[in-house]
Amino acid sequence: MVLEKISESVVKKDHAPKMAGESIYVADYNTAKDGSRILTGKVLHAKIARAKVLGVDLPEMPDGYLYVDAKDIPGDNNVNIVLDDMPVFCRDTVEYIGEAIGMVVGPDEKEVDRILSAIEVRYEELPPVLDLRTAKEAFFTYEYGHGDMEKAFAEADHVYEEEFETGYQEQTYLETQGMMAEPEADGSMYVHGSMQCIYYVHGAVKRVLNCEQDGVHIFQDVTGGGFGGKEAFPSILATQVAVAAKKANAPVRCVFDRREDMEYTSKRHPSICRYRAAVKDGKVTAMDCDVVFNAGAYSTLSAVVLQRGLIAAPGVYNIPNIHVTGRALKTNTSPCGAYRGFGAPQTFFAIERIMDHIAQDLSIEPLAFREAHLVKEGDSTSTCGRYHFPVPLQDMINEIDKVSDFRKKRIEYNKPQTGRYRRGIGISLNFHGAGFTGSGERDIIKAVTRLRKYADGSVEILASNGEIGQGVRTTFCKIVANELNLPLSKVRYEHPDTARVPDSGPTVASRSLMTVGELLRRASIQLREIWEDGIEQEVEERYRQPDFLIPFDLDKFEGDAYPTYAWAVNAVELEVDTYTGIAQVLGAYGNFDVGTPMDYNIVMGQMEGGFLQGIGYSSIEKMDYDNKGRIRNNSFSDYLIPTTKDVPNMQCMLHVVKYPDGPYGAKGAGELPLVGVPGAYVSALEQALGGCKKHSLNHAPFTAEDTLLELMKEAE
Ligand code: MOS
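Residues numbered from 1 in each chain as written. Predicted model: local features only at pLDDT ≥ 70, side-chain atom pairs only at ≥ 80, totals over all residues. Heavy atoms only, no water.

**Student:** What is the right way to read helix H8 (residues 344-361) from this model?
**Tutor:** For an α-helix, 3.6 residues make a turn, and residues three or four places apart therefore share a direction. Over its 18 residues, H8 runs 26 Å from end to end, which matches the ideal 26 Å to within 8%, given 1.5 Å per residue. Within H8, 17 of the 18 residues are buried, leaving the element largely enclosed by the surrounding structure. Ser363 sits one or two residues past H8 and shows a positive phi near 55°. (Helix = DSSP H or I, 4+ residues; strand = E, 2+ residues; numbered from the N terminus. Expected span 1.5 Å × (residues − 1). Buried < 20%, exposed > 50% of the residue type's maximum accessible area, 1.4 Å probe, protein only.)

**Student:** I tried to follow the sheet that holds strand E15 (residues 321-330) on my own but got confused; where do I start?
**Tutor:** Strand pairing in a sheet relies on backbone hydrogen bonds. The paired strands run either parallel or antiparallel. The six strands are arranged E7-E15-E14-E13-E8-E24 in an open sheet whose pairing can be described as mixed. Bordering the open sheet on either side are strand E7 (138-146) and strand E24 (699-700), each of which pairs with just one other strand. Helix-sheet contacts for helix H7 (residues 302-311) involve E7, strand E14 (283-296) and E15, and the interaxial angle to E7 is about 25°. (Pairing = 2+ DSSP bridges. Contact = heavy atoms within 4.5 Å. Axes fitted to C-alpha atoms, helices over the stretch in contact; angles between N-to-C directions.)

**Student:** Please explain the pairing of E14 as it appears in this structure.
**Tutor:** Side-chain positions along a regular strand alternate between the two faces of the sheet. Of all 14 residues in E14, 12 are buried, a share of seventy percent or more. In the sheet, strand E13 (residues 271-280) pairs with E14 via 10 bridges, with the strands oriented antiparallel. Within E14, the residue paired with Tyr275 across the bridge is Cys289. Hairpin connection of E13 to E14: two residues between the antiparallel strands, including Asp281 at a positive phi of 50°. For the segment spanning E14, H7 and E15, crossover handedness is right-handed. (Right-handed = clockwise from strand over helix to strand, strands pointing away.)

**Student:** What am I meant to see in the pairing of strand E16 (residues 421-434) here?
**Tutor:** Summarising burial for E16: 12 of the 14 residues are buried, a large majority. Strand direction decides the pairing type here: E16 and strand E21 (residues 564-577), joined by 14 bridges, are antiparallel. The residue of E21 that forms the bridge with Arg423 is Glu575.

**Student:** What should I look at first to understand the pattern of salt bridges in this one?
**Tutor:** Two side chains that carry opposite charge are able to pair once their charged atoms sit near each other. Within this structure, the stated rule accounts for 57 salt bridges. Where Asp72 meets Lys247, a salt bridge forms, and the shortest distance between an N and an O atom there is 3.1 Å. Placement of the pair is Asp72 in the loop between strand E3 (66-69) and strand E4 (93-94) and Lys247 in helix H5 (residues 233-248), with a sequence separation of 175 residues. One salt-bridge network, held together by shared partners, links Arg133, Glu163, Glu165, Arg274, Asp290 and Arg327. (Salt bridge = Lys/Arg side-chain N within 4 Å of Asp/Glu carboxyl O.)

**Student:** How should the nonpolar core be read in this particular structure?
**Tutor:** Judged by nonpolar contacts, the single largest core of 101 residues is most densely connected at Tyr275, Met287, Val316 and Trp567. In contact with Met287, other than residues within four places in its own chain, are Met149, Tyr275, Arg276, Ala277, Ile319, Asn321, Ile322, His323, Ile351, Ile354 and Met355. In this structure, Val43, Tyr96, Met179 and Ala250 belong to the second largest nonpolar core, which totals 44 residues. (Core = buried A, V, L, I, M, F, W, Y, C linked by side-chain atoms within 4.5 Å.)

**Student:** Got a minute to help me understand the environment of Met653 in this structure?
**Tutor:** Considering the arrangement of structural elements, one finds Met653 in strand E23 (residues 650-654). Taking the C-alpha atoms as reference points, Met653 and Phe592, separated by 61 residues in sequence, lie 6.3 Å from one another. Setting aside anything within four residues of it in sequence, one finds Met653 in contact with Glu399, Ile400, Val403, Gly590, Asn591, Phe592 and Met604.

**Student:** Would you take a moment to explain the packing of helix H13 (residues 472-484) against helix H14 (residues 512-530) for this structure?
**Tutor:** Each pair of packed helices gets described by two things: the angle between the helix axes and the distance between those axes. Relative to each other, H13 and H14 sit at 30°, their axes nearing to 9 Å. As far as their axial angle goes, H14 and H13 are roughly parallel. Both H13 and H14 take part in a crossing whose hand is right-handed. Within the contact between the two elements, H13 uses Val472, Thr475, Phe476, Ile479, Val480, Glu483 and Leu484 and H14 uses Ser512, Leu513, Val516, Gly517, Leu520, Arg521, Ser524, Ile525, Leu527 and Arg528. A per-class count over the contact of H13 with H14 returns 10 nonpolar, four polar and three charged. (Parallel < 35°, antiparallel > 145°, perpendicular 65-115°, else oblique. Left-handed = near helix turned anticlockwise from the far one by under 90°. Nonpolar A, V, L, I, M, F, W, Y, C, P; charged D, E, K, R; others polar.)

**Student:** Would you mind showing me how to read the sheet that holds strand E9 (residues 178-183) here?
**Tutor:** One open sheet holds the seven strands; their spatial order is E3-E5-E1-E12-E9-E10-E11, and the pairing between them is mixed. Edge positions in the open sheet fall to E3 and strand E11 (216-220), since each of these has one partner strand only. Between one strand and the next, the sheet's axes are offset by a mean angle of 25°, whatever the strand orientation. Sheet topology note: the strand E1 (residues 39-45)/strand E12 (residues 252-255) ladder contains two bridges and is parallel. Looking at the pairing, Thr40 lines up with Arg253 of E12. The strands touched by helix H4 (residues 198-209) within the sheet are strand E10 (189-193) and E11, with E11 carrying the most contacts at an inclination of about 150°. In the packing of H5 onto the sheet, contacts are made with E1, E3, strand E5 (100-106), E9, E10 and E12, and the angle to E9 comes to roughly 35°.

**Student:** What's the story with unusual backbone geometry in this structure? I'm lost.
**Tutor:** Most of the time, phi is negative for any residue but glycine, and the peptide bond is trans. Residue Pro701 is reached from Ala700 by a cis peptide bond, and omega for that bond is 5°. Positive phi values are uncommon outside glycine, yet Asn485 reaches one of about 55°. Among the residues examined, Asn485 registers a relative accessible area of 67% and is labelled exposed.

**Student:** Is there a simple way to explain the state of the cysteines in this structure?
**Tutor:** Here a disulfide denotes a covalent bond joining the sulfur atom of one cysteine to the sulfur atom of another. Per the counting criterion, the structure on display carries zero disulfides. With no disulfide of its own, Cys273 lies closest to Cys289 among cysteine sulfurs, the gap being 8.0 Å. No disulfide involves Cys692; its nearest neighbouring cysteine sulfur is the one of Cys273, lying 18 Å away. (Disulfide = S-S within 2.5 Å.)

**Student:** Before we go on, may I ask you to explain the packing of aromatic side chains in this structure?
**Tutor:** Describing an aromatic ring pair means giving the distance of the ring centres and the angle of the ring planes. A full pass over the atoms with the stated rule returns 21 aromatic pairs. Residues Tyr144 and Phe557 carry aromatic rings whose centres are separated by 4.9 Å and whose planes lie at 5° to one another, so their mutual orientation is stacked. With Tyr144 in strand E7 and Phe557 in the loop between strand E20 (537-542) and E21, this residue pair connects regions lying 413 residues apart in the sequence. By relative accessible area, Phe557 is classed as buried at 2%. When the ring of Phe552 is compared with that of Phe557, the centres are 5.6 Å apart and the planes differ by 75°; the resulting orientation is edge-to-face. Comparing Phe552 with Phe557 shows no difference in burial state: the two are buried. By way of ring pairs, the aromatic residues Phe348, Tyr387, Phe431, Tyr562, Tyr565 and Trp567 are connected into one cluster. (Phe/Tyr/Trp six-rings, centres within 6.5 Å; stacked < 30°, edge-to-face > 60°.)

**Student:** Help me understand the domain arrangement of the protein chain, please; the structure alone is not making it clear to me.
**Tutor:** You'll often see interface size given as the accessible area lost when the parts meet. Examined at the domain level, the protein chain breaks down into domain 1 (37-126 + 193-248), domain 2 (344-437 + 560-715) and domain 3 (440-542). Inter-centroid distance (C-alpha atoms) of domain 2 to domain 3 is 35 Å. The interface is formed by 22 residues belonging to domain 2 together with 23 residues belonging to domain 3. A combined buried area of about 1600 Å² lies between domain 2 and domain 3, and 63% of that area is made up of carbon and sulfur atoms. Our count for the contact surface shared by domain 2 and domain 3 stands at two salt bridges. Here Asp661 makes a salt bridge to Arg522, at a shortest N to O gap of 3.6 Å. Summed over the shared surface of domain 2 and domain 3, the result is seven residue pairs in polar contact (both at pLDDT 80 or more). Broken down by secondary-structure element, the contributors of at least two residues to the side of domain 2 that touches domain 3 are E16 and helix H15 (600-619). Grouping the constituent residues of the side of domain 2 that touches domain 3 by class yields 10 nonpolar, eight polar and four charged. (Domains from an automatic or database assignment. Buried area = accessible area lost by both parts, 1.4 Å probe. Polar contact = N/O pair within 3.5 Å; in protein donor to acceptor, adjacent residues only side chain to side chain.)

**Student:** Explanation requested: the confidence of the model for the protein chain in the structure shown.
**Tutor:** In regions of low pLDDT, the predicted coordinates are not meant to be interpreted in detail. Of the residues in the protein chain, 100% have a pLDDT of 70 or more, and the chain-wide mean is 97. Mean pLDDT across the elements of the protein chain ranges from a minimum in helix H18 (residues 704-715), with 93, to a maximum in E12, with 99. (pLDDT = per-residue confidence, 0-100.)

**Student:** In this structure, what is going on with the packing of H15 against helix H17 (residues 677-688)? I would like to understand it.
**Tutor:** The contact between H15 and H17 brings their axes to 8 Å, and the two run at 55°. One way to sum up the angle between H15 and H17 is to call them oblique. When you trace H15 past H17, the crossing you get is right-handed. Of the residues in H17, those in contact with Phe611, Gly614, Ile615, Tyr617, Ser618 and Ser619 of H15 are Val677, Pro678 and Tyr681. Tallied by class, the residues present in the contact of H15 with H17 amount to six nonpolar, three polar and no charged.

See the structure below:
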């Protein structure tokens, strides 16, 4: 592939300090900003999934140690996320194991631990809701559809009905959640730490401390990965340390250990999808999708996660009649939240599985069956929006076939296999809606960015998007440097601080580069036009909705849910050892259209990393809670993630369809490569086991143990 100049890779802006071990993460500060000692804060976590808290009996508190809880909150005991249901510290009841009851604060960490273990919480236990299948309370319910379902099902030659299930996925960023609050001399509160969204944290802390806009300022420290896990949870931890710092009138820092992080922070929503399909003359004429997400104990981000899942429910296929219902149900477990893909991996798994199964039942090659249903430019989306731009799936499929020999191998592996080792190859197709869902950009985020040019001719980017390993500090600078024709060293983008930068929105939804990057490109044009040497100048750019958009109406669930889409084709080839159940990935082939790459290496890093996370999600990343609501997969020995050794042959490539409203044609990239992987992986595994008539595989992850269980069924 011939790279445009903007796509040529550079050394990342944060490369040198990270490589040298010089980057300061929140856990690394030795003192507070004013040189004072940092107190350690540790959360008193609920040990029961649902209970009334009758009382908290504290041991005698040594000098300098204190206990903080809801009574110490100056403002609302609500963490500002979407709804107002998540408390900073528990109200009268605890709703999940791990919920924060209070926080112990003091100078010596060991003493804080000792006090925590000496605290007696008196509970009156209440029956918890743990089973998603019997859970009733829905935080959010949506329904949409079009066409004539009844007629389509009445006229169908075949009707298929299947249920699909997916599990938790934990983000496993290398740096655990951590936050620090420092009271300032002027009475304001300075909060910094590991996070994706400084203004989300700002809004949350401001409300809890009951102060004015400038009563709080938030700074993103160097952040060791997010993957969605630092979209909402940091708002919770930030409010807790802020309340503690306020009460102690001293800096307080809380850094989770791995076990706390794995058990108590947000994860990907487990799901159950029930799909019903009507087929006539070899084509799917109707699809009825019922989607249930396990939201956990509080609603946090579940509304938007569910929306994204539902929009993707019919996949990349033209199905004339659809009906989609979705519910985010409450259970007494850790609130689920954002994880790369944000609701879409669950429904893409369901649609890809059922398309595979229908094809096998009709004795049509599953890829050909998919190809006969592909959406194309100009078609309606699931929500009666439009695919305004070219849909490159067919070309991308052909390219994947070329590198993987997919079609040939698929036929080859369909022949009966009886040996110890058996092979399969699977494919999946998916999009990822680029940017924030619905009218979020226009109505909620309203992004603002600025460029400040200094007298020395250097330019600083003022925006609120955080570097979380996705390279935004570098790619933003590349866009501005390119447009102003400056050397990259003359453009800088510091870690965002709400005291210095406007709100250009959260670092989520694969939106930063596409949406904010385009604002920066336009701001650069403005600056170029007024540029005068030797003086300081500043320009501002605000989000404007593209004219072509059909506005999304959430009540009707109708319109363009996204301005455009990034596209992916994944193929996975594997070999199962029928003695151990272990599947070895032989080839992982990905073709991704994320528009123009703003930096080839950065984008390929995103594609490969996301693909690998997707393989983990499909195969070994298993997490669940027991009958008391406890998560036991709470370390890297009980919750396995893949390493490069697990996927020796990964081949990713880019297929570029430029998006005219993204900078130089760039689209959202970060989430896309993970979304479709479970469909391809499980399809490959199913083929290796003899196809769906022998073994219909309907859940992910599908572990080695699951495979052995399937094989035992066969032996019986
Ligand atoms: Mo992201 S999964 O939208 O934080």
